[in-house]
Amino acid sequence: MSDKSQSTEQSFDLGVQGMTCASCVARVERVLGRVPGVRSVSVNLATEKARVEAERDMALQPLLDAVNKAGFQPQTQQLDLAVDGMTCASCVSRVEKVLGRRPGVFSATVNLATGRARVEVLPGVADPQGLVDAVSKAGFEGRLLSDGGSGETEGPADRELKQLRRAKQVAVALTVPLVLIAMGPMMVAPMAEVMHRVLAPEAWLWVEAVLVTPVLFWAGSRFYKHGWPALRRLNPDMNSLVMLGATSAWLYSMLVLLAPGLFPEAARGVYFEAVGVIVTLILVGRYFELRVRGRASDAIRQLLALQVREARVQRGDDLVSVPVDALQPGDVIVVRPGERVPVDGEVTDGGSYVDESMVTGEPVPVEKTVGEQVVGGTVNGSGSFSFRATGIGEDSVLGRIVHLVEEAQASKPPIQALVDRIAGVVVWAAIAIALTAALSWALLGPGPHYALVTAASVLLIACPCAMGLATPMAIMVGAGRGARQGILFRRGAAFQAISRVDTVVVDKTGTLTEGRPELTEFELRPQWDKAELAPLVAALESRSEHPVAEAIVRGLDSTGELPVSDFAAHAGLGVEGQVGGHRLQVGADRYMTRLGLDLSPFAERARSLAGRGRTPLYVAVDGRLAALLAVADPIKSGSPEAVHALQALGMQVIMITGDNQRTAQAVAREVGIEQVIAEVMPEDKAREVAALQGDAHSVVFVGDGINDAPALAQADVGMAIGTGTDIAIEAGEVVLMSGDLRGVAAGIRLARRTFRTIRQNLFWAFFYNITLMPVAAGLLYPAFGLLLSPMMAAAAMSLSSILVVSNSLRLRRARLGGPLEV
């Protein structure tokens, strides 16, 4: 290959999962080859990798999209970086840009509130250290977080908070006497006389200069450290604006002090006290902002506080105290009364009642006996038991919850991407307005010092800190609030999406109902004997893992272990197989109809059972209808209340199920649902959701997160509902740890309030900049004689960020209603 081609092309391996045959290979090569910029593709089925030759500067995201659309899973890696030194939305935008330009990076998402960057990269191509170096070159301090950084839960680094505290203390200590010297004589006449006796007025100005210089250049050094590199790269941020405003005022004052003859007598004022107050106010505001922001991660800290440090492990005949980090799957652990369960596991001996409210939000302790699952972090009651460890560290339920909440807090809804772009424009607009104001006042104003005052005020008041914090702060607090109530938001985008939904589609089995059906009827045609047929049906159904099959086996109470051959399960229809010399088919009416069987002998009875909310099933033996079964899945106690709560929120509630229409309607009437979509195959649920979306509905789908995965993915928002350790945490954008459907309404309320808080924050941030920048420029001076001082501009800028943070923290006390309220 020539040097020229080497400079214009890149080659890399892209992992692709889900390929099973040569046709899969051909399809992946075809879809990747169509992506603009790709020169050639070679896919290896054995290694599950695609070798891609492409233009060096092509975007990588279309490759992921192409693989996804083809029905396969591209293999990428997520890296988390801590980024210190970001202060506003323009900082966020700059870090995202420099990371996004690195080789092998698909996307970069930066969160100002957490001080983290999440980068999706191509393994083997992206250089993690190169990402850190890119952040450092952009004027920030970056470091790679191992394992997603789960151990770091305080948002801003402790080091930054300590540095700010020290800088704030020095600034306050020097600014207080500075203000007294500058302003005291004007406010207290005797003080002026005393000061004049000690030093001449010009000497006091030199004292002011001595006091303010360390305030600006030492305590305020962070503004230069971050602001100058950003300005040099033509990406100014908040630090750049503060640096320009405060330095301009300091330079002007020093020139007046050193060469007063250069200025008219009316323009020989100095602004040393303004510089000191500006820097001090911003440092104090920044310090309290960081402290308050740290409270947004209380949910993570509280979850981590549930982790037990040591466990009592059975070693032969002895009990040994072992650090939790040293535990291995399979260790047998003893839990005494009142202790927390150290890790996830299965009870092997003894029993007790365990408080699992930290996982499910349910306040009633759950009985645990041999064979039951226990969750790390839950609290044992008065009993004692032993259990075998199965889930440790990040593989535990608590570890996954912490990781899930961190992911939600680190992600951004679509609205934030727009805000970050606007923030970059605001900074340049502020510089343009400041220069225009300075030039206008210099040419048309009563004195040159007015140009300095207006320019500094505009630069200081335009800092887009509030814009950068408006969305991530609300997401952080909202995600934490949900975690404490057993509602886990996987992505920040879910808050925005839920705020627009008008329809809730609820799966019946396991969501509205208990998900544990029971056999209620077993009626045979005259030529069949129950003692003969029951063992055949039980043997066939014992091969299926479906809850209905389990109910039939339990209900028939057959101990016969008959061999089954040629077994086949037909999703949404039934099962068939060879048992005891007979060909059996067991399933729904549509299955029997497909087999060509006449169901009229049981027609009246089936209608009666369906009208009472029971699901009729049929048994065919050797091609002839033999029996009628019926199973009933009890309604969950909170389901009617949950449906009413959703309807009170203005939601259209629709039940979807594979049951026949009459059974579905009976269940719907019991819970208060008017619209039912029945007799739907599992794979067709997503199609029904898409049809609703095609009718201009925004849909939340609520299902068990396992066989409902396509519908959960199709919906605008997927809510996976489950219980305890059996939760399908990867299935939906929102995961309800409790099996109580009332959590859906609580989750929607929380999402709405969170997004309403985001809108309030953004309104305040934009209103503040749009209205006060012209005021700072002196727009009101000709009519009202009103001119904003730089000190007031700095105070207003700091106050805006604190207001946004405080408004977000109100979500911690939001009342969401329902039985899970905490």
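Residues numbered from 1 in each chain as written. Predicted model: local features only at pLDDT ≥ 70, side-chain atom pairs only at ≥ 80, totals over all residues. Heavy atoms only, no water.

The name an unreviewed UniProt entry assigns to the protein chain is P-type Cu(+) transporter, from the organism Alkalispirillum mobile. The Sequence similarities (unreviewed entry) field of the UniProt record for the protein chain holds the comment "Belongs to the cation transport ATPase (P-type) (TC 3.A.3) family. Type IB subfamily." (UniProt positions renumbered as here; feature names shortened; annotations may be inferred.)

**Overview of the overall build of the protein chain**
Across its full length, the protein chain carries 30 helices and 29 strands. Looking at the protein chain as a whole, 54% of its 822 residues are labelled buried. Partitioning the contacts of the protein chain with sequence separation of at least 6, the portion at a separation of at least 24 is 69%. (Helix = DSSP H or I, 4+ residues; strand = E, 2+ residues; numbered from the N terminus. Buried < 20%, exposed > 50% of the residue type's maximum accessible area, 1.4 Å probe, protein only. Contact = heavy atoms within 4.5 Å.)

**Details of the pattern of salt bridges**
A side chain of one charge can pair with a side chain of the opposite charge if their charged atoms are brought near each other. Going through the model one piece at a time under the given rule, you end up with 17 salt bridges. We note a salt bridge from Arg-583 to Glu-576, for which the minimum N-O separation is 3.2 Å. Of the residues examined, Glu-576 reaches a relative accessible area of 14% and is grouped as buried. Across the salt bridge formed by Arg-607 and Glu-604, the nearest N and O atoms sit 2.7 Å from each other. In this pair, Arg-607 and Glu-604 are both assigned in helix H23 (residues 603-611), three residues apart and thus about one turn of the helix distant. (Salt bridge = Lys/Arg side-chain N within 4 Å of Asp/Glu carboxyl O.)

**Considering the sheet that holds strand S3 (residues 49-55)**
Strand order across the open sheet formed by four strands is S2-S3-S1-S4, with antiparallel pairing between neighbours. Every other strand in the sheet has two partners, leaving strand S2 (38-44) and strand S4 (73-75) as the edge strands with one partner each. For this sheet the average axis-to-axis angle between neighbouring strands, irrespective of direction, equals 30 degrees. In terms of strand pairing, S2 meets S3 through six bridges, oriented antiparallel. Bridging across to S3, Val-43 finds its partner in Ala-50. (Pairing = 2+ DSSP bridges. Axes fitted to C-alpha atoms, helices over the stretch in contact; angles between N-to-C directions.)

**Structural notes on the side chain of Thr-513**
Its place among the elements puts Thr-513 in the loop between helix H19 (508-512) and strand S19 (518-524). Within polar-contact distance, the side chain of Thr-513 engages the side chain of Asp-633 at 2.4 Å. Leave out the neighbours within four places in its chain, and Thr-513 touches Lys-508, Asp-633, Pro-634, Ile-635 and Lys-636. (Polar contact = N/O pair within 3.5 Å; in protein donor to acceptor, adjacent residues only side chain to side chain.)

**Some thoughts on the side chain of Ser-386**
One can find Ser-386 in strand S16 (residues 384-391). The exposure class of Ser-386 is buried, given its relative accessible area of 12%.

**A short note on helix H25 (residues 661-671)**
Listed in full, the buried residues belonging to H25 are Thr-663, Ala-664, Ala-666, Val-667, Ala-668 and Val-671. Among the structural elements, H19, H23, strand S23 (615-621), helix H24 (639-648), strand S25 (652-656) and strand S26 (675-677) are those in contact with the buried residues of H25. Following H25 by one or two positions, Gly-672 adopts a phi angle in the positive range, close to 95 degrees.

**Here we look at a positive patch on the surface**
On the surface, a cluster of positive charge is made up of Arg-756, Arg-759, Arg-810 and Arg-813. Positionally, Arg-756 belongs in helix H28 (residues 742-776). Here Arg-756 falls in the partly exposed class, since its relative accessible area comes to 39%. (Patch = residues over 30% accessible without salt bridge, like charges linked within 9 Å, V, L, I, M, F, W, Y side chains within 5 Å. Areas by Shrake-Rupley, 256 points an atom, 1.4 Å probe, with all protein chains shown as cover. Lys, Arg positive; Asp, Glu negative; His and termini not counted. Charge placed at Lys NZ, Arg CZ, Asp CG, Glu CD.)

**Observations regarding the pairing of strand S28 (residues 717-721)**
Most of S28 sits inside the fold, with five of its five residues counted as buried. Every second residue of S28 is oriented toward a common face, with Val-717, Met-719 and Ile-721 on one face and Gly-718 and Ala-720 on the other, all of them buried. Looking at chain direction, strand S27 (residues 699-703) and S28 are connected through four bridges and run parallel. Residue Gly-703 lies in a different strand from S28, and its bridge partner there is Ala-720. Bridge count for S28 against strand S29 (residues 734-736) is three bridges, and the pairing is parallel. Bridge pairing in S29 places Ala-720 opposite Val-735.

**Focus on the UniProt feature "transmembrane region" (unreviewed entry) in the protein chain**
Here the UniProt-annotated "transmembrane region" (unreviewed entry) positions come out as residues 170-191, 203-220, 241-263, 269-288, 422-444, 450-475, 762-781 and 787-805. Overall, residues 787-805 shows 84% helix and 0% strand. The separation of its end C-alpha atoms is 28 Å.

**Structural notes on the sheet that holds strand S5 (residues 77-84)**
Strand order in the open sheet made by the four strands is S6-S7-S5-S8, with antiparallel pairing throughout. Both edges of this open sheet fall to strand S6 (105-111) and strand S8 (141-145), since each of them pairs with a single strand only. Neighbour to neighbour, the strand axes of the sheet diverge by 25 degrees on average, direction disregarded. Where S5 meets strand S7 (residues 116-121), six bridges bridge the pair, whose relative direction is antiparallel. Pairing of Ala-82 across the sheet is with Arg-116, part of S7.

**Considering the nonpolar core**
Judged by nonpolar contacts, the single largest core of 149 residues is most densely connected at Leu-81 and Leu-99. At 13 residues, the largest contribution of residues to this core is made by H28. Not counting residues within four places of it along the chain, the set of residues in contact with Leu-99 comprises Leu-81, Val-105, Ala-108, Ala-117, Val-119, Leu-131 and Val-135. (Core = buried A, V, L, I, M, F, W, Y, C linked by side-chain atoms within 4.5 Å.)

**As for the pairing of strand S22 (residues 582-587)**
As paired strands, strand S21 (residues 574-579) and S22 are joined by six bridges and run antiparallel to one another. Residue Gln-578 lies in a different strand from S22, and its bridge partner there is Arg-583. As paired strands, S22 and S23 are joined by four bridges and run antiparallel to one another. By the bridge assignment, Gln-585 is partnered in S23 with Ala-620.

**Description of the confidence of the model for the protein chain**
When the pLDDT values of the protein chain are averaged, the result is 80; 87% of them are 70 or greater. The low-confidence segment residues 147-157 (pLDDT under 50) makes 30 contacts with residues lying over four places distant or belonging to another chain. Low pLDDT, under 50, characterises residues 724-728; the stretch is placed with 16 contacts to residues that sit more than four places away or in other chains. (pLDDT = per-residue confidence, 0-100.)

**Examining the packing of aromatic side chains**
Under the counting rule described, the total for this entry stands at seven aromatic pairs. Taken together through their ring pairs, the aromatic side chains of Phe-217, Tyr-224 and Trp-250 make up a single cluster. (Phe/Tyr/Trp six-rings, centres within 6.5 Å; stacked < 30°, edge-to-face > 60°.)

**Section: helix H9 (residues 221-232)**
Because the α-helix completes a turn every 3.6 residues, residues three or four places apart line up on one side. For H9, with twelve residues, the first-to-last C-alpha span of 17 Å sits near the 16 Å given by 1.5 Å per residue. All of the buried residues along H9 are Arg-222, Phe-223, His-226, Gly-227, Pro-229 and Ala-230. Once H9 finishes, Leu-234 follows within two positions and takes phi at roughly 60 degrees, a positive value. (Expected span 1.5 Å × (residues − 1).)

**A closer look at the packing of helix H20 (residues 530-541) against helix H21 (residues 547-556)**
The relative placement of two packed helices comes down to the angle between their axes together with the axis-to-axis distance. Running from amino to carboxyl end, H20 crosses H21 at an angle of 145 degrees, the nearest separation of the two axes being 9 Å. Every pair of crossing elements has a handedness; the one defined by H20 and H21 is left-handed. Each of Ala-534, Val-537, Ala-538 and Glu-541 in H20 lies in contact with H21, whose residues at this interface are Ala-549, Ile-552, Val-553 and Leu-556. Of the residues belonging to the contact of H20 with H21, the class tally is seven nonpolar, no polar and one charged. (Left-handed = near helix turned anticlockwise from the far one by under 90°. Nonpolar A, V, L, I, M, F, W, Y, C, P; charged D, E, K, R; others polar.)

**Let's talk about a nonpolar patch on the surface**
A surface patch of nonpolar side chains, amounting to about 230 Å² of accessible area, comprises Val-172, Val-176 and Leu-180. Of note, Val-176 is situated in helix H6 (residues 158-187).

**Regarding the environment of Gln-129**
Assignment of secondary structure puts Gln-129 in helix H5 (residues 128-137). A residue is classified by how much of its surface remains accessible, and Gln-129, at 45% relative accessible area, is partly exposed. Separated by 14 residues in sequence, Gln-129 and Arg-143 place their C-alpha atoms 8.5 Å apart.

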